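Given next are the chains, with one letter for each unit.
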Amino acid sequence: MLRTIAVYIVVAVFILILGPLLLLWSVISGSTDVLYSVGIFGAKTALFMAGVRISVTGREKIPAGKAVVFMPNHQSNCDPPAVAVILPPVLVMAKKEFFRVPVLGKGMRMRGFIPVDRTNRERAFDAVDQAVETLKAGHSFLAFPEGTRSKTGRLQAFKKGVFVMAIKAGAPIVPISVSGTRKVMRKGDFRIHPGAVRITIHDAVPTAGCGITERARIAGQVRQAIMTGLSAEEQPIEPDAS
């Protein structure tokens, strides 16, 4: 419990104390690079204090010099920081509730993160279109194809939006397997436990020249790649009919 409290204190310090200063600097300088870098440092600090040990395989498979969509599975609130700290700079599509957090939400918007309203289909489509234009402008994205955390830790069905986004932008998709984060922080439990997290980066799945009708095939390739990096207890019970 003391470890959990310490981690939350560190996160609060970065958001509520350093955050306003960094937002001000971003406005003055016209750049959010320092804001992003400090955020990544804060994530690394929180993971270290939480006792999370990350091992990474396949860094060399990240395409160089082009915008891509990184797609990991989603077991825990530990996933976004654990994945973000091992990737080059990325933007994130995240549920709109995160953007309501004081300071954090403002920083996310300034950086170009895109809120997703799961309850409003039209706004969700607008978010996808916005992400397409951002990808075409050369900015990579981190997006979770399951849409939400798995309650059991097993791989869930995929949502359509992130694949439509990648296809429309012609951006390669980099599947990422994240294994072990549910043991660190389960859905519905605020406690944080030390543990090992294994991240496997797979070969990129091309989308250039593909049409929306090929979405299911591409989603299937991404899903199969992610499954190869998961333990038996993280495998889906039923196949995804995407």
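Residues numbered from 1 in each chain as written. Predicted model: local features only at pLDDT ≥ 70, side-chain atom pairs only at ≥ 80, totals over all residues. Heavy atoms only, no water.

Backbone hydrogen bonds are what pair the strands of a sheet, in a parallel or an antiparallel way. The 7 strands are arranged 1-7-6-2-5-3-4 in an open sheet whose pairing can be described as mixed. Single-partner strands in this sheet number two, and they are strand 1 (52-57) and strand 4 (114-116). Bridge count for strand 3 (residues 91-95) against strand 4 is 3 bridges, and the pairing is parallel. Note that in strand 4 the partner of methionine 93 across the bridge is isoleucine 114. (Pairing = 2+ DSSP bridges. Helix = DSSP H or I, 4+ residues; strand = E, 2+ residues; numbered from the N terminus.)

Below, the discussion takes up the packing of helix 1 (residues 2-29) against helix 2 (residues 33-50). Axis separation between helix 1 and helix 2 bottoms out at 10 Å; the angle between their running directions is 175°. The angle between helix 1 and helix 2 places the two elements in the roughly antiparallel class. Along the contact surface, helix 1 presents Arg3, Ala6, Val7, Val10, Val11, Phe14, Leu18, Leu22, Leu23, Trp25 and Ser26, while helix 2 presents Val34, Leu35, Val38, Phe41, Gly42, Thr45, Ala46, Met49 and Ala50. Tallied by class, the residues present in the contact of helix 1 with helix 2 amount to 16 nonpolar, 3 polar and 1 charged. (Axes fitted to C-alpha atoms, helices over the stretch in contact; angles between N-to-C directions. Parallel < 35°, antiparallel > 145°, perpendicular 65-115°, else oblique. Contact = heavy atoms within 4.5 Å. Nonpolar A, V, L, I, M, F, W, Y, C, P; charged D, E, K, R; others polar.)

Bringing the packing of aromatic side chains into the picture now. Taken as a whole and assessed by the stated rule, the structure comprises 2 aromatic pairs. Where phenylalanine 158 meets phenylalanine 163, the ring centres are 5.8 Å apart and the plane angle is 25°; that geometry is what we call stacked. This pair shows no difference in class: phenylalanine 158 is buried, exactly as phenylalanine 163 is. (Phe/Tyr/Trp six-rings, centres within 6.5 Å; stacked < 30°, edge-to-face > 60°. Buried < 20%, exposed > 50% of the residue type's maximum accessible area, 1.4 Å probe, protein only.)

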